[in-house]
Amino acid sequence: MAIQTPDRVVPDTVAILADTNPPRRPRRRRSISWGAYLGLAPLAIMLGVFCYYPAASGIFHSFWNWNPGGESTFTGFDNYATMMSDQLWWESFKNLGIIFIFGVVSWVIPLAAAELLISLRSERAQFVYRTLLIVPMAFPGVVTALIWSFLYQPNDGVINTFLKSVGLDALAQNWLGDPHLALISLLFIGFPFIAGLPFLMFYSTLQNIPKEIFEACSLDGVNRIQRLFLIDLPLMGRQLQLLLVLVIIETLQYGFVAYILTSGGPDNATTVPVLHMLSEAFNGGNWGYAAALSTTLFVLTVVFSTIVAVAKRRDSTTNVKGM
């Protein structure tokens, strides 16, 4: 039986397939969802009025001898020149350095709590302990600060009363009145630092790690300390980067607790840039200089956050390329 060559079959088949292809429908233009824009308009207006306008106004008036209730005069960079020679302003950054280091070191406790919580086999026990650790986050920060102020009272405070009751009278101190202890006392407010964002991020990351990885580590004889440095922390790279950026922002904006408990004292031992800025504005009436200080804090926040983000991106690129 002879085999026919498909020389004439191929063009005919292509023609048939071409005829069977459905005609292309004309592209429809996407309709503009005006309703969504109208719904977002009030939010955008409020954001601009209450957030962006005050920030832009502060940057603008940092170049002026600003008198909100009277006439203002343009001074150029005089406010920034005054800032460069302000000794108290630069000394306040020493306290920020201590606050930043303490904030990063304090991650050890919530990380340990997350590791212990994820090791519980009972899901019900995890739920109970997780709830108990997270509930304190619902309390306002001012309530926490006031409670710790009662704990630190030098005469009848809880800490000194307990020390005296157990015969440790020598350890009773004026915790917020001693220049050598005031800053450390402020930093320990909120101890043991579990009810916070670091604990939630560590715990959620550990929850998303497949259980097969933990089982493989146990079969290979990897203990928990080795697993922490070889498995857990490398997988928390993005979370650690985000936490580092948040700690930088929180440190540069630190001042709420210090304002309530010490107002920067004693002897400027707890003064931070934010408190110095508020003092210049409300106590000294130097609104233009205070605007220059706030603008400097804004620039420092953006610069340090960008450095952390760029450094982490380069590290990730290097790891991917195997360099």
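Reading the values: the criteria
- Residues numbered from 1 in each chain as written.
- Predicted model: local features only at pLDDT ≥ 70, side-chain atom pairs only at ≥ 80, totals over all residues.
- Heavy atoms only, no water.
- Helix = DSSP H or I, 4+ residues; strand = E, 2+ residues; numbered from the N terminus.
- Polar contact = N/O pair within 3.5 Å; in protein donor to acceptor, adjacent residues only side chain to side chain.
- Patch = residues over 30% accessible without salt bridge, like charges linked within 9 Å, V, L, I, M, F, W, Y side chains within 5 Å.
- Areas by Shrake-Rupley, 256 points an atom, 1.4 Å probe, with all protein chains shown as cover.
- Salt bridge = Lys/Arg side-chain N within 4 Å of Asp/Glu carboxyl O.
- Buried < 20%, exposed > 50% of the residue type's maximum accessible area, 1.4 Å probe, protein only.

Draft legend 1. Looking closely at the side chain of T270. As for its placement among the helices and strands, T270 is situated in the loop between α14 (256-261) and α15 (273-283). A polar contact is formed between the side chain of T270 and the side chain of T262, at a distance of 2.8 Å.

Draft legend 2. Quick peek at a nonpolar patch on the surface. A surface patch of nonpolar side chains, about 930 Å² in accessible area, is lined by V142, V143, L146, I147, F150, F256, Y259, I260, L278 and F282. Contributions of two or more residues to the nonpolar patch are made by α7 (141-151), α14 and α15. At five residues, α7 tops the list of elements feeding residues into the nonpolar patch. Inspection of the secondary structure puts V142 in helix α7. You can call V142 partly exposed: its relative accessible area is 34%.

Draft legend 3. Local environment of the pattern of salt bridges. What the rule picks out here adds up to two salt bridges. Residue D232 is joined to R227 by a salt bridge in which the shortest nitrogen-to-oxygen separation is 3.4 Å. Given a relative accessible area of 0%, D232 falls into the buried group. What you see here is one network of salt bridges that share partners, running through E115, R227 and D232.

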